[in-house]
Amino acid sequence: MAWTDDRVELLKKMWGEGQSASQIAKELGGVTRNAVIGKVHRLGLSNRTTTGAKADAKTATPKKPAKPKAAPKKAAKPEMKTESASPPPPPKPIPMSAARKAIIPAGQPLPPQPSNNEISAEALAKVNAVEKKAKKLSLMELTERTCKWPVGDPATEDFWFCGLATQAGKPYCEAHVGVAFQPMSSRRDRKR
């Protein structure tokens, strides 16, 4: 359905009369309520005027006479209104919580974090030795039989995967399995 000039004029007229987007869509046919709302916003008609059928209906309906109200009490402090008053001060910024302060912008390196999961010097030596003879594969070169241990920063060109033969049923080679999968007892001991 195309928005022809006639359809746009009908839309403007109905919108000005206070018709809902659903009613306009039904009258136009072939468009949804959301399409009408989108066109209204693109045309800059989002502010309704009160000169349509609803305004006529309001003036045609007589109002009931208002009940007399008690005289309003005078306020203890009268308000002084001046036209040259300065605008209210901007709201005070909300103090940042520790969690918000800890957010690091994208692309920035993470600071070193203290860890309870320290790896033994023996395991580190084994990993360093294995990484020296690693195949240094790219993501596209990985298979189910190659170690998928990532090495380096993924944002740099020096990033690669180990690529050595995997241990049966694991995604990593023997050295990286020793670092990634640790027995429960050794993890419990480190936390103490």
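As shown above, the structure is provided for reference.
Quick summary incoming for the structure in this document.

Focus: the side chain of histidine 176
Residue position: histidine 176 is located in helix H7 (residues 174–180). What histidine 176 contacts, discounting residues up to four positions off in sequence, is Val127, Val130, Glu131, Cys147, Trp149 and Cys162.

A look at the packing of aromatic side chains
The geometry of an aromatic ring pair is captured by two quantities: the separation of the ring centres and the angle between the planes. The full count for this structure, using the stated rule, is two aromatic pairs. Taking the centre distance of 5.1 Å and the plane angle of 75 degrees together, the rings of tryptophan 149 and tyrosine 172 count as edge-to-face. Here tryptophan 149 is found in the loop between helix H6 (121–132) and strand S1 (150–151), whereas its partner tyrosine 172 is found in the loop between strand S2 (160–161) and H7, with 23 residues between them in sequence. According to the relative accessible area criterion, tyrosine 172 is buried, its value standing at 18%. Measuring from centroid to centroid gives 5.2 Å for phenylalanine 159 and phenylalanine 161, while their planes differ by 75 degrees, and the two rings are edge-to-face.

Thoughts on helix H1 (residues 5–16)
For H1, with 12 residues, the first-to-last C-alpha span of 16 Å sits near the 16 Å given by 1.5 Å per residue. Burial in H1 covers these residues: Arg7, Val8, Leu11, Met14 and Trp15. An end-on view of H1 places all buried positions within 130 degrees of arc, on one side of the element. Facing away from the buried side of H1, by more than 90 degrees, are the exposed residues Asp5, Asp6 and Lys13. Those residues of H1 hidden inside the fold are in contact with helix H2 (21–28) and helix H3 (33–43).

What counts, and where the lines are drawn
Residues numbered from 1 in each chain as written. Predicted model: local features only at pLDDT ≥ 70, side-chain atom pairs only at ≥ 80, totals over all residues. Heavy atoms only, no water. Helix = DSSP H or I, 4+ residues; strand = E, 2+ residues; numbered from the N terminus. Contact = heavy atoms within 4.5 Å. Phe/Tyr/Trp six-rings, centres within 6.5 Å; stacked < 30°, edge-to-face > 60°. Buried < 20%, exposed > 50% of the residue type's maximum accessible area, 1.4 Å probe, protein only. Expected span 1.5 Å × (residues − 1). Arc of directions from axis to C-beta.

Taken by themselves, the reported measurements are silent on function.
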